[in-house]
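Examination of the molecular architecture
Here's the letter readout for the chains.
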Amino acid sequence: NAASAASTVSAAAPLNALLAERRLAAGELPTTIVLDDSLAINPTDTLSAHQQVVVEARIVSATGGTELTGRGDARGSENRHADVVIAAPSP
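My aim in this report is to walk through the structure given alongside it, one point at a time. (Residues numbered from 1 in each chain as written. Predicted model: local features only at pLDDT ≥ 70, side-chain atom pairs only at ≥ 80, totals over all residues. Heavy atoms only, no water.)

1. A word on the overall build of the chain
The helix and strand tally for the chain stands at zero helices and four strands. If you list the helices and strands of the chain from N to C, you get β-β-β-β. Sequence separation of at least 24 residues holds for 42% of the intrachain contacts in the chain that already meet a minimum separation of 6. (Helix = DSSP H or I, 4+ residues; strand = E, 2+ residues; numbered from the N terminus. Contact = heavy atoms within 4.5 Å.)

Structural data, given as structure tokens:
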């Protein structure tokens, strides 16, 4: 099965706007993704401009199978870390 992975970051409040996104192919998994201001969708609305962001990771099957997702919060302004681990369900 081919799959793709996307990691997105959105501001927690007030707009819940998408701030950054990184897409990977299935062959690049597992991986660690570092999202920073250089990946901002809008260069004037960066990750560091927000005190709290929500990180969401999603794995989507190219064949239309079940989508796997995970979420995590990153707070503060320096060295924020959010761990989001997605594991395939047990058969």
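2. A short note on the side chain of His50
Note on placement: His50 falls in the loop between strand E2 (18-25) and strand E3 (52-61). His50 gets classed as buried once you look at its relative accessible area, which sits at 16%. Within the structure, the side chain of His50 is placed 2.8 Å from the side chain of Asp45, a separation counted as a polar contact. (Buried < 20%, exposed > 50% of the residue type's maximum accessible area, 1.4 Å probe, protein only. Polar contact = N/O pair within 3.5 Å; in protein donor to acceptor, adjacent residues only side chain to side chain.)

3. Describing the pairing of strand E4 (residues 68-75)
Side-chain positions along a regular strand alternate between the two faces of the sheet. The sheet contact formed by E3 and E4 spans eight bridges and is antiparallel. Residue pairing for E4: Ile59 is matched across the bridge by Leu68. In sequence, E3 turns back onto E4 through a hairpin of six residues, with Gly64 there showing a positive phi of about 85°. (Pairing = 2+ DSSP bridges.)

4. Considering the pattern of salt bridges
Across all of its chains, the model carries two salt bridges by this definition. For Glu21, the salt bridge goes to Arg23, with nearest N and O atoms at 3.1 Å. Judged by its relative accessible area of 55%, Arg23 falls in the exposed class. Between Glu56 and Arg71 there is a salt bridge whose closest N-O contact spans 3.3 Å. With Glu56 in strand E3 and Arg71 in strand E4, this residue pair connects regions lying 15 residues apart in the sequence. (Salt bridge = Lys/Arg side-chain N within 4 Å of Asp/Glu carboxyl O.)

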